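A structural walkthrough
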Amino acid sequence: MHTRIIISALAASLIAAPAGGQTLNVATAGDQNMVDYVRDYLGPLFEKTHRGVRVVSVGTGPGDAGSQKIYEKLAAQKSAGTTTWDLDVIVIHQKIAGQMAAEQLLAKYKDDIDHR
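Residues numbered from 1 in each chain as written. Predicted model: local features only at pLDDT ≥ 70, side-chain atom pairs only at ≥ 80, totals over all residues. Heavy atoms only, no water.

1. What about the pattern of salt bridges?
Within this structure, the stated rule accounts for four salt bridges. For the salt bridge of D40 with R39, the shortest nitrogen-to-oxygen distance reads 2.9 Å. With a relative accessible area of 43%, R39 lands in the partly exposed category. Of the charged contacts in the structure, one is a salt bridge between K73 and D86, with a shortest N-O distance of 3.1 Å. (Salt bridge = Lys/Arg side-chain N within 4 Å of Asp/Glu carboxyl O. Buried < 20%, exposed > 50% of the residue type's maximum accessible area, 1.4 Å probe, protein only.)

So this is what it looks like as structure tokens:
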């Protein structure tokens, strides 16, 4: 289930991404094993089925502190009026997800995914 959610989020990122040489930036608030999982398994799997797309995985640290770093980055970009944010997919802890949704820091994409 976790794999499907992340791959679905990666796929949804393509909807708004420009054509050609695309890079999807994935930030994960988790241990190094989560960064490695995206970099070594999910990213290559996604790249294989989406030619021309490169998946980049970065970590912000484990626990709530890692999620807080992602929150602060997105909140700062929104506050600055940035139209294109530099994170396409985030993996955060539930504790901050509600706040991020309320502050409109998360895109609604589930209706745009082909659920084959």
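Continuing now.
2. Considering the packing of aromatic side chains
Counted according to the given criterion, the structure contains one aromatic pair. On the basis of an interplanar angle of 20° and a centroid distance of 5.6 Å, the ring pair of Y37 and Y41 is categorised as stacked. With Y37 and Y41 both in helix α2 (residues 32-49), this residue pair falls four residues apart, about one helical turn. On the basis of relative accessible area, Y37 is assigned to the partly exposed category, the value being 25%. Classification of Y41 by relative accessible area gives partly exposed; the value is 44%. (Phe/Tyr/Trp six-rings, centres within 6.5 Å; stacked < 30°, edge-to-face > 60°. Helix = DSSP H or I, 4+ residues; strand = E, 2+ residues; numbered from the N terminus.)

3. Brief notes about the pairing of strand β2 (residues 53-59)
In this sheet, β2 lies alongside strand β1 (residues 22-28) in parallel orientation, the contact comprising seven bridges. Within β2, the position partnered with L24 by the bridge is V55. Following the chain from β1 across α2 to the adjacent parallel β2, one finds a crossover that is right-handed. (Pairing = 2+ DSSP bridges. Right-handed = clockwise from strand over helix to strand, strands pointing away.)

4. Some points on the sheet that holds strand β3 (residues 89-91)
Taken in spatial order, the three strands make up an open sheet running β2-β1-β3, and their pairing is parallel. Across the chains shown, the open sheet's two edge strands, defined by having one partner strand only, are β2 and β3. Strand-to-strand, the axes of this sheet are offset by a mean angle of 20°, without reference to chain direction. Together, β1, β2 and β3 form the strand contacts of α2, whose direction differs from that of β2 by roughly 170°. (Axes fitted to C-alpha atoms, helices over the stretch in contact; angles between N-to-C directions. Contact = heavy atoms within 4.5 Å.)

5. A word on the nonpolar core
In terms of nonpolar packing, the biggest core is built from nine residues, these being A27, A29, I70, Y71, L74, L87, I96, M100 and L105. Elements with a contribution of two residues or more to this core: α3 (63-79) and α4 (94-102). Counting residues per element, this core draws most heavily on α3, at three residues. Those residues within four positions of Y71 in sequence are excluded, and the remaining contacts are I96, Q99, M100, E103 and L105. (Core = buried A, V, L, I, M, F, W, Y, C linked by side-chain atoms within 4.5 Å.)

6. Things to note about α2
An α-helical turn contains 3.6 residues, so any two residues separated by three or four positions project in the same direction. Over its 18 residues, α2 runs 25 Å from end to end, which matches the ideal 26 Å to within 8%, given 1.5 Å per residue. The largest bend in α2 is about 40°, located at L42, with the proline P44 one to four residues further on. For α2, every residue scored as buried is listed here: M34, V35, V38, L42, G43 and F46. (Expected span 1.5 Å × (residues − 1). Bend = angle between axes of the 7 residues up to and from the residue.)

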